[in-house]
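Examining the three-dimensional arrangement
Chain by chain, the residues:
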Amino acid sequence: PIAEAFAVSVTTATASFTYLTSGVFVGTLLAVFVFDYFRLKSVVLGGAVLILLAIFSIYSVPSFTVFSVSLAVIGVCCGIELSAAAVVISKLFEARLRASMLLLTDSFYSIAGVVSTSVAGMLLASGLGWPSAYAVAFSATAAVLVIAATARYPDTKSATAAASPAADVSAWPASVHIIGLAMLIYLVGFVSLYSWVPNYAQEFLGADVEYSGTIVSRFFLGMFIGQLIMFFMVFRVSLRLLMIVCLLFAASLTTALWLVGTATQQATAMLCLGLATGGVFKIVLTYGTLQVDDPSPRMVSYLIFYAGLGTSIAPFVSAAVVDGFGMTAALQ
């Protein structure tokens with residue numbers, strides 16, 4: 001529908017969403033510095049206003065260039081807001097409760113993915129036109145704006161915070177950088193798996209296009225359930241032990257992805273892998289913030305930036321692996 005509206009090819013219309021994903025990456029990079037200059041509440045309010053204006057421009061200005069630029073603005077703001085949310089949680093909660101709250105945000109993210117696509121589909125089916133799909137995002141952002149305007153936020157601009165060792169990158173322990181690098185590697189593997197499993201299922205296991213998509217949906221279903229389980233587990237098991245157990249299970253389960261003989265077996269393996277990895281990202285993020293007594297907004301944003309970098313380079317890395325060693329190597 002977007003291609004028809006702007007008289008461009010389908011591939012051009014699809015490629016425009018690169019502005020969104022690239023914007024998110026740029027936003028996570030800017031978030032490493034933005035909290036040094038602006039208060040947390042101001043960042044959230046400003047980001048929400050810009051997102052609302054960008055979505056409104058998609059409705060009101062019939063231009064493909066404006067559409068692409070609007071996606072970029074939305075992406076940048078969402079990247080910053082993502083870090084802001086993690087900063088709020090890191091400032092308000094300690095240790096185990098911090099991990100559980102971060103896991104809870106992942107669960108809501110999964111639910112939002114289901115709700116937004118379902119509502120967008122209904123709006124499109126009712127004949128309201130493709131811009132109506134963005135009404136969900138507009139409504140959600142408006143809600144964020146109202147909440148942010150009326151809520152009290154932890155102070156990240158006080159003189160004490162500025163003088164904190166956690167605000168000085170050179171004072172961070174080496175473990176912070178190692179954990180950031182681990183998050184980058186994890187996201188490269190994570191994105192590579194769900195990107196190439198559908199192609200692998202079609203080429204080697206005889207699955208049709210529809211079922212190969214179902215295999216990926218099983219993965220995210222498993223992740224959602226895994227996130228809920230992890231929410232309770234963090235109160236009973238140490239974060240270090242939980243990380244080790246989950247990652248050992250995950251590493252073992254990945255072998256099933258290329259050792260199974262049928263697409264049904266691979267779908268089951270993906271479901272189990274999702275269960276094992278459901279809370280890994282936020283647990284590792286929490287573990288990173290616990291390397292100092294009072295994590296600064298810069299440290300939290302720094303760790304999230306590594307995750308954004310891993311997500312952005314995963315397609316290039318995995319494609320290079322497939323070109324050089326074959327599709328099975330991408331899963332391995």
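Above this text sits the structure in question.
Scope of this entry: the structure provided in the associated data block.

What counts and how
Residues numbered from 1 in each chain as written. Predicted model: local features only at pLDDT ≥ 70, side-chain atom pairs only at ≥ 80, totals over all residues. Heavy atoms only, no water. Helix = DSSP H or I, 4+ residues; strand = E, 2+ residues; numbered from the N terminus. Rg over C-alpha atoms; globule rule 2.2 N^0.38 Å. Buried < 20%, exposed > 50% of the residue type's maximum accessible area, 1.4 Å probe, protein only. Contact = heavy atoms within 4.5 Å. Areas by Shrake-Rupley, 256 points an atom, 1.4 Å probe, with all protein chains shown as cover. Axes fitted to C-alpha atoms, helices over the stretch in contact; angles between N-to-C directions. Left-handed = near helix turned anticlockwise from the far one by under 90°. Nonpolar A, V, L, I, M, F, W, Y, C, P; charged D, E, K, R; others polar. Expected span 1.5 Å × (residues − 1). Bend = angle between axes of the 7 residues up to and from the residue. Core = buried A, V, L, I, M, F, W, Y, C linked by side-chain atoms within 4.5 Å. Phe/Tyr/Trp six-rings, centres within 6.5 Å; stacked < 30°, edge-to-face > 60°. Salt bridge = Lys/Arg side-chain N within 4 Å of Asp/Glu carboxyl O.

**Side note on the overall build of the protein**
- Helices and strands together make up the secondary structure of the protein, namely 16 helices and zero strands.
- A globule of 332 residues ought to have a C-alpha radius of gyration of about 20 Å, and the protein, at 21 Å, matches this closely.
- Its C-alpha atoms give the protein principal-axis dimensions of roughly 60 × 50 × 35 Å.
- Relative to its 332 residues, the protein shows a buried fraction of 43%.
- Sequence-distant contacts in the protein: of pairs separated by 6 or more residues, those separated by 24 or more amount to 81%.
- Roughly 16,300 Å² of accessible area belongs to the protein as shown, and the carbon and sulfur atoms make up 71% of that amount.

**Comments concerning the packing of helix α14 (residues 280–289) against helix α15 (residues 297–325)**
- As a packed pair, α14 and α15 sit with axes 10 Å apart at the nearest point and diverge in direction by 145°. Considering how the two elements wind past one another, α14 and α15 form a crossing that is right-handed. Judged by residue contacts, Phe281, Leu285, Gly288 and Thr289 of α14 engage Met299, Val300, Leu303, Ile304 and Ala307 from α15.
- Along the lines of polarity and charge, the residues of the contact of α14 with α15 split into seven nonpolar, two polar and no charged.

**Brief notes about the side chain of Ser70**
- Within the secondary structure layout, Ser70 lies in helix α5 (residues 64–92).
- The class of Ser70 is buried, set by a relative accessible area of 4%.
- Excluding residues that lie within four positions of it along the chain, Ser70 makes contacts with Ala54, Ser57 and Ile58.

**Regarding unusual backbone geometry**
- Within the chain, Ala7 stands out as a residue other than glycine whose phi angle is a positive 55°.
- Relative to the helices and strands, Ala7 is located in the loop between α1 (2–6) and α2 (10–15).
- For Ala7, a relative accessible area of 71% gives the class exposed.

**Here's the deal with helix α9 (residues 174–204)**
- The end-to-end C-alpha distance of α9, which contains 31 residues, comes to 43 Å, matching closely the 45 Å that a straight helix rising 1.5 Å per residue would cover.
- Trp196 marks where α9 bends most, by close to 35°; the proline Pro198 follows one to four residues later.
- Following α9 by one or two positions, Gly206 has its phi on the positive side, about 70°.

**Concerning the nonpolar core**
- Of all hydrophobic cores here, the largest spans 71 residues; its most connected members are Phe35, Leu257 and Ile283.
- Among the elements that make up this core, the one with the highest residue count is α9 (13 residues).
- Apart from residues lying up to four places away in sequence, Leu257 is in contact with Leu193, Val197, Tyr200, Gln266, Ala269, Met270, Leu273 and Leu331.
- By size, the runner-up hydrophobic cluster in this structure holds 15 residues, among which are Ala13, Ile55, Cys77 and Tyr134.

**Some words on the packing of aromatic side chains**
- A complete count under the given rule lists 19 aromatic pairs for this structure.
- On the basis of an interplanar angle of 85° and a centroid distance of 5.5 Å, the ring pair of Phe67 and Trp130 is categorised as edge-to-face. One end of the pair, Phe67, is in helix α5; the other, Trp130, is in the loop between α6 (95–125) and α7 (135–150), with 63 residues separating them in the sequence. Neither residue differs from the other here; Phe67 and Trp130 are each classed as buried.

**Remarks on the environment of Tyr134**
- Checked against the element boundaries, Tyr134 lands in the loop between α6 and α7.
- As a C-alpha pair, Tyr134 and Phe56 span 78 residues in sequence and 9.2 Å in three-dimensional space.
- Setting aside chain neighbours within four positions, we find Tyr134 in contact with Ile2, Phe17, Ile55, Tyr59 and Phe67.

**Looking at the side chain of Ser132**
- Within the secondary structure layout, Ser132 lies in the loop between α6 and α7.
- Of the residues examined, Ser132 reaches a relative accessible area of 8% and is grouped as buried.
- Setting aside anything within four residues of it in sequence, one finds Ser132 in contact with Tyr59, Leu123 and Leu124.

**Quick notes on the pattern of salt bridges**
- Under the counting rule described, the total for this entry stands at two salt bridges.
- When the shortest N-O distance is used, the salt bridge between Asp36 and Arg298 registers 2.1 Å. Remark: Arg298 occurs in helix α15 and Asp36 occurs in the loop between α3 (18–34) and α4 (40–60); sequence separation between them is 262 residues.
- Here Lys91 and Asp294 are joined by a salt bridge, their closest N and O atoms 3.1 Å apart. Of this pair, Lys91 sits in helix α5 while Asp294 sits in the loop between α14 and α15; the two residues are 203 residues apart in sequence, bridging distant segments of the chain.
- Relative accessible area serves as the criterion here: at 22%, Lys91 is assigned to the partly exposed category.
- Overall, Asp294 belongs to the partly exposed group, its relative accessible area being 37%.

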